[in-house]
Every structure is written in structure tokens, then in C-alpha cells.
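What follows is the residue order along each chain.
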Amino acid sequence: RGLGDVYKRQILYNTVMKMTDSKNLAELLFPLITKTPSEYEALYPPRQLKEGARVTRFAPSPTGFLHFGNLFTCLISYKIAKSTDGIFYVRVEDTDQKRKVDGAVEVMLRGLSYYGIKPDEGVIAENEEKGIYGPYKQSERKDIYQAYAKQLVEEGLAYPCFCSEEELERIRESQEHEDIKGYYGEYAACRNLSFEEISKKIAAGEKWTLRLKSPGSIDKKCVFEDMIKGKIEMPENVQDIVLLKSDGIPTYHFASVVDDHLMRTTHIVRGDEWISSCPIHLQLNKLLGFKTPKFVHVAPIMKAEGEGKRKLSKRKDPEAAVTYYSEQGYPSESVNEYMMTLANSNFEDWRRANKAEDINKFPFNIKKMSVSGALFDIAKLDDISKTVISVMDCKKVFELSHEWAKEYCEPLARLYEADFEYATAILNIDRGNKKPRKDIAKWSDIPDYISYMYDETLSPDYTLCGNATADLAAKVLKIYKNSFDINDDKDNWFERIKAICPEVGCTPNVKEYKQSPEAFAGHVGDVSTVIRVALTGRTNTPDLYSITKLLGKQRVAERLNKALKHYEEEI
Ligand code: GLU
């Protein structure tokens, strides 16, 4: 008794159950649905776009959590539309009321907008939509889905199923030894109910779901072309999947196929976990008479773990949440740059050749996407971000980091607000140099980076390096505290430091020191180190002259004295 028999029976049944029966059944199930699919087709006509323009979408469920992988896929979707003067729209897939979280749409849209993704159409705020292909929230499209569902019933391609949870469970148990499990073929208990049987059950108030009468066959394959993965071959769908739940709300599969069609999507860009749904989507498109959009399945972002790699995980990795980047204070530009390196392997070469070019000029190419999943590396993001920040002007650094501080770092905001000009001047040190310093990867690096410029946050570490010893330090500071002049220009300032050298057994000439190190206690670099450590409590800082100028006469004097005291005690 193969499935072949079941299908023969079905064909027979379909002929016996006359067209009038399916029409009557459709009326019985959907008495209030009066609009027909062709009316909706007319209401949402094909878009008048120029040749080659692509229509893509981002279709999140409003869970309130935006995964970095989702943002990445969304960016790809956006690029695909924008690089062809097409349309990118946002559709909210909120048919699963259990997963719905208040305010989630707003959180998500804010996430997108932070990275410069502006939908042309669709849901653009919690309660605001734009465009003529809406409504763009699935919960507001019930009648549309039901019109298409009604058509499927009329055509004998869908039927009501009255099976209870317990009955479905019993079916599952009976399939223990089957290769294919689920509601299909002979297991589909309600597939061949007669019109009379159905009418009786409905009259008795029995609850029903609407199922697809799948024409698929277990020994047939469906083949489709994915723009990233290439040709994919999978078994045809044989499951009589649920199209409408008992409350009349569609399932994801049904709703998304109807929507992608009516919203005239040309390219479905989504995570590759949805590849397994393609046989169902292909079948639904065919049965509904729709042209199947092109598929672009994006591989997940991976993370190295031990020898292998795994998906970036919401549970294990804080950086899986898109909010992580704004909380840490990565400028959106940095994250966008980084996402492009993950998207197209040739992006970095392009960037090297086009240092100052707008990122949107990069010729993004779907074909260059990773098939198996790009590897996430936060150190790489930091590197990229340091470069991005190093070439920003100080005003921009100040403004962006101030915005960040107001939200995430109150003490920094307070320091900034005490003296805007002073803060901007600190951030300006060494900026604009030929080879700008790369100290800041994210705004949360700033409090530490500038801490020594404020007495409130200074916590000096007087540890020295190189040839500088406490003894040398004490000698240098004793002289420098009397000789420094805050009004020096840079040359004079350095001359004064050099002048200390012979008095403390050092040479102002590094070359000379290298030739006979035994002849000296150190060189001008060591003398500078002493002064640097005394003023900032660090061995590595940006330009010491600028720091000295900004600190001002009084603070310089205080700090030199304090350090001198420290070294004298140490000797
Ligand atoms: N609502 C689905 C999700 O949450 C969208 C899948 C699709 O893009 O088709 O990911």
C-alpha cells in the first residue's frame, strides 16, 4: 500500500467531490469574505520601476530583540534594493501574538536607523506606515489572507481540519517508523471529508484549521536557484501544512508568500535557516498562481570557538545584540564598515584604494557573499573603528561621544559639560597628523583615554620605563619644575627638555646614546618619559607638548611637584 494509492484515491475523490461542493465549502468556511484575489491583484498592481530595480524587504517578528545577524541580513537586503534604485520595505510579521512585545517595532526601527537603513516603504514607526502596498503589519491583513485561502478551497487545494491536539499527537506516535512524519497522504485524516461531514462538524461548532491539500509527491524533488548558494535541490513538500490557524490567523508560510507577492517583492533576502521552508513556499506560489521571487539566503555570522566555529549566539555572546554596539559607543560608521567587510571580501581592498570615499559608493555584489558564513571578530571591528575615529574631526568625535555619554556615561557627560572647549581640545590632540593615532575604538574608551586630563579622574601610575629610574626622575623633575615655561612654543619646549640632559648624565642625542650606551644614564627620550609620567601618570600618551599646554601652568607645577615627592620617597 504505497502513497501512490493514496493519490489515486485523492484524484478520484476530487472528481467525485464536484466543483460545486468546493465552491459551497468555500462559502461555508468564509461567508464574510467577499473580495476576491483578483480584486487584491488590482489593488496592489505590479510596481512601475525601471528595468532591473529590485524590491526587497526586512520582515521581522516583533520580539524586541535585534540580533546582529538580522541587522546584517537587513543591510544586505537594503543594499540589494538601493544598488538598483529599487525599493526596500519593512513588513512586521506579527501573526504570532504570543511572541509580540510592546514597543518592539520602535526598538527595531531605531536599530536600523542608527545604521543608516531607512525604509522607503512599510512600517516606519510603531504606528506609522508609508506606501500603497500596505497594511504592512500582518495582523492587519487577515481579510487578504482569507481571500486567497478561500480561493484555494474553491479550487480543491485546501480543506478544513478538525483534528484536536490529541489526535495529532496520536498520528505522530503512529509514525514512529516512517521516514517522513507529519500530516500528509494517508495520515491526513481530514483530507477527504465530504462536504456533508464538514457541514455537520461546523454546525456542531467544531474548531478547524485550514490545511493545504499538498499535491507534492515524496519521490519528487524541487529545484531552485539561490543567488548566494547556487542551485538547491530538495524533496518536494508533501505536508498538508496549516495555512490558517483556528482563529483565522495565517501561519508564517502562508502570510509571507501572499505578502511577498502582493507587495511585489522581487528578491527575498533572509537568513539561510529559511532554506528549509523553500519547498513549501515554491509550492504555495505555484498553487496560488504567483511568480516566485528570487531567493537570497544569507549565511549566519559565525564565531570561532576552540578549533571550530558556531553561530553568533544571543545567549552566549553579548555582541549578538545590536544594542551592544550603541551601548559600547561604536559609531555606526564603524559597524557599517565592519559589516561590509563581512559581506564582501573585496571591500577591504576597495577601502584601501578609496580611503575617503562614501561607503555607499562601494559596488556591493551578491555573488561575493560568503556561502558558509562570515566569521565575527571583535578585534577586527575595533581596528576598523579606530581607523574610522582617527580620521574624524574633533568636533564630530566630541559630539558623537557626548551624545553617547548623555545616555550611557553620566560622569563623562559631566566632565564634557564643565568645559566643552577644553574637552574638544583634548580630543583634538594629534588629530590631523599624517599618521593619526588610533587610541579610540569606541566612545566607552574615552573616559580612560582622557582621564589624566582632569584632576577628578587622574590616578597616576608613576612606573617608569626605558632607562628612566626613580633616581633619574628625581633629578630631571627638580630641574624641569623650575625651568618649564608654559608659554614656550613647541621648539623651545623641546630645547628646554634637551637642555636638562647633560645636567643629569644623559645625552640629547639618541644616536650618540646608541653608539655608547655605557657612557650615559639615558637619552632625551628617557628624560621626556620622566616628564610624561609625572604629568599624566602614563608612559604612552599623545603629544606631550599639547598636553602640557592644555593642562596649564598651575596644574603642570602641581603634578611635577607631586611626582618629584613620589620619586624622592622611593629612592
Ligand atoms: N518573520 C521571519 C523572521 O522572523 C521572516 C522570515 C522571512 O524573511 O521570510 O525571521
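The sections below set out a description of the structure shown in this document. What you see is a predicted model, and the numbers here were worked out from it, not measured in a lab.

## Some remarks on the nonpolar core
The biggest cluster of nonpolar side chains holds 163 residues, and the ones touching the most others in it are Phe-68, Leu-210, Phe-254 and Tyr-567. Grouped together as the second largest cluster of nonpolar side chains are 9 residues, Met-234, Ile-268, Leu-282 and Phe-295 included.

## Observations regarding the packing of aromatic side chains
Per the stated rule, a full pass over the model turns up 26 aromatic pairs. For the pair Tyr-114 and Tyr-115, a centre-to-centre distance of 4.9 Å together with 85° between the ring planes defines the contact as edge-to-face. Above the plane of the ring of Tyr-44 lies Arg-141, whose end atom (NZ or CZ) is 6.0 Å from the centre. When the ring centre of Phe-65 is taken as reference, the NZ or CZ atom of Lys-314 above it lies at 4.4 Å.

## A closer look at the site of the ligand
With respect to spatial proximity, the complete set of residues near the ligand consists of Arg-57, Ala-59, Ser-61, Glu-93, Tyr-252, Arg-270 and Trp-274. Within the side chain of Ser-61, a nitrogen or oxygen atom sits 3.1 Å from an oxygen atom of the ligand. Contact between the ligand and Arg-270: an oxygen atom at 3.1 Å from a side-chain N or O atom of the residue. Taken by itself the ligand offers 300 Å² of open surface, and the protein chains cover 84% of this. Spatially, the ligand is embedded in the second largest pocket. Looking at the shell around the ligand, its residues break down into 3 nonpolar, 1 polar and 3 charged.

## Comments concerning the layout of surface pockets
Which parts of space are left empty comes out when a probe the size of a water molecule is rolled across the atoms. In this structure, the largest pocket occupies an estimated 1200 Å³ of space. Broken down by secondary-structure element, the contributors of at least two residues to the lining of the largest pocket are α4 (68–82), α12 (332–343), α13 (347–353) and α14 (378–390). A per-class count over the lining of the largest pocket returns 14 nonpolar, 7 polar and 16 charged. Approximately 1000 Å³ is the volume found for the second largest pocket.

## Let's talk about empty space enclosed by the protein
Inspection of every chain in the model, using the stated rule, returns 4 cavities of 30 Å³ or more. If you add up the space inside the largest cavity, you get close to 110 Å³. What lines the largest cavity is a set of 13 residues, among which Ser-390, Arg-431, Arg-437, Asp-439 and Tyr-449 lie closest to the centre. Here the element with the most residues in the lining of the largest cavity is α14; it accounts for 3 residues. The residue makeup of the lining of the largest cavity, split by class, is 6 nonpolar, 1 polar and 6 charged. Contributing to the lining of the second largest cavity are Tyr-480, Phe-484, Asp-485, Ile-486, Asp-488, Trp-493, Arg-496, Tyr-545, Thr-548 and Lys-549. Breaking the lining of the second largest cavity down by element, the ones donating at least two residues are α20 (490–503) and α23 (544–570). It is α23 that provides the largest number of residues to the lining of the second largest cavity, a total of 3 residues. In the lining of the second largest cavity, the residues fall into 5 nonpolar, 1 polar and 4 charged.

## So, the state of the cysteines
If you walk through the whole model with that rule in mind, you get 0 disulfides. Unpaired in this structure, Cys-163 has its nearest cysteine sulfur neighbour in Cys-190, at a distance of 3.8 Å. With a relative accessible area of 16%, Cys-163 lands in the buried category. The structure places no disulfide on Cys-506, whose sulfur is separated from the nearest cysteine sulfur, that of Cys-501, by 5.6 Å. When its relative accessible area of 5% is taken as the criterion, Cys-506 is described as buried.

## Focus on the side chain of Asp-543
Counting through the fold element by element, Asp-543 comes out in the loop between α22 (524–536) and α23. For Asp-543, a relative accessible area of 14% puts it in the buried group. Within the structure, the side chain of Asp-543 is placed 3.0 Å from the side chain of Lys-490, a separation counted as a polar contact. A distance of 2.5 Å separates polar atoms of two side chains, one belonging to Asp-543 and the other to Ser-546. Once residues lying within four places of it in the same chain are set aside, the contact partners of Asp-543 are Ile-429, Asp-430 and Lys-490.

Each value, and the rule that gives it
Counting from 1, residues in each chain are numbered in the order their sequence is written. pLDDT decides what is reported in this predicted model: residues at 70 or higher carry local features, side-chain atom pairs at 80 or more are listed and counted, and totals for whole chains, interfaces and linings draw on all residues regardless. Side-chain figures throughout are based on the complete set of non-hydrogen atoms in the structure, without hydrogens or water. By nonpolar core we mean a set of buried residues, namely Ala, Val, Leu, Ile, Met, Phe, Trp, Tyr and Cys, connected to one another through side-chain atoms within 4.5 Å. Under the scheme applied here, a residue whose accessible area is under 20% of the maximum for its type counts as buried, over 50% as exposed, and between as partly exposed, the area being computed with a 1.4 Å probe on protein chains only. Here a Phe, Tyr or Trp ring, Trp counted by its six-membered ring, pairs with any other such ring whose centre lies within 6.5 Å, and the pair is stacked when the planes are under 30 degrees apart, edge-to-face when over 60, and tilted otherwise. Here, a charge over a ring is recorded when the distance from Lys NZ or Arg CZ to the ring centre is within 6 Å and its angle to the ring normal is within 35 degrees. Being near a molecule or strand, for a residue, comes down to having at least one heavy atom within 4 Å of it. Counting of polar contacts relies on pairs of N or O atoms within 3.5 Å, with two restrictions inside protein: one atom must be capable of donating a hydrogen and the other of accepting it, and residues adjacent in sequence are counted only when both atoms are side-chain atoms. Working definition of accessibility: Shrake-Rupley area with a 1.4 Å probe, residue cover restricted to the visible protein chains. Throughout, the protein atoms alone are placed on a 1 Å grid, and a set of points is a cavity if a 1.4 Å probe fits but cannot get out or a pocket if it is open with protein on both sides within 12 Å along at least five of seven lines; lining residues have an atom within 4 Å of a point. More than half of a molecule's atoms within 2 Å of the grid points is what it takes for that molecule to sit in a cavity or pocket. Only Asp, Glu, Lys and Arg are considered charged, only Ala, Val, Leu, Ile, Met, Phe, Trp, Tyr, Cys and Pro nonpolar, and every remaining residue, Gly among them, polar. Grid points are joined across faces, edges and corners, and a volume is the space filled by probe spheres set on the points. Helix numbers and strand numbers start at the N terminus; a helix is a DSSP run of H or I with at least 4 residues, a strand a run of E with at least 2. Any two cysteine sulfur atoms lying within 2.5 Å of each other are counted as a disulfide. We call two residues in contact whenever any of their non-hydrogen atoms come within 4.5 Å of each other.

Shape descriptors only; they carry no functional weight alone.
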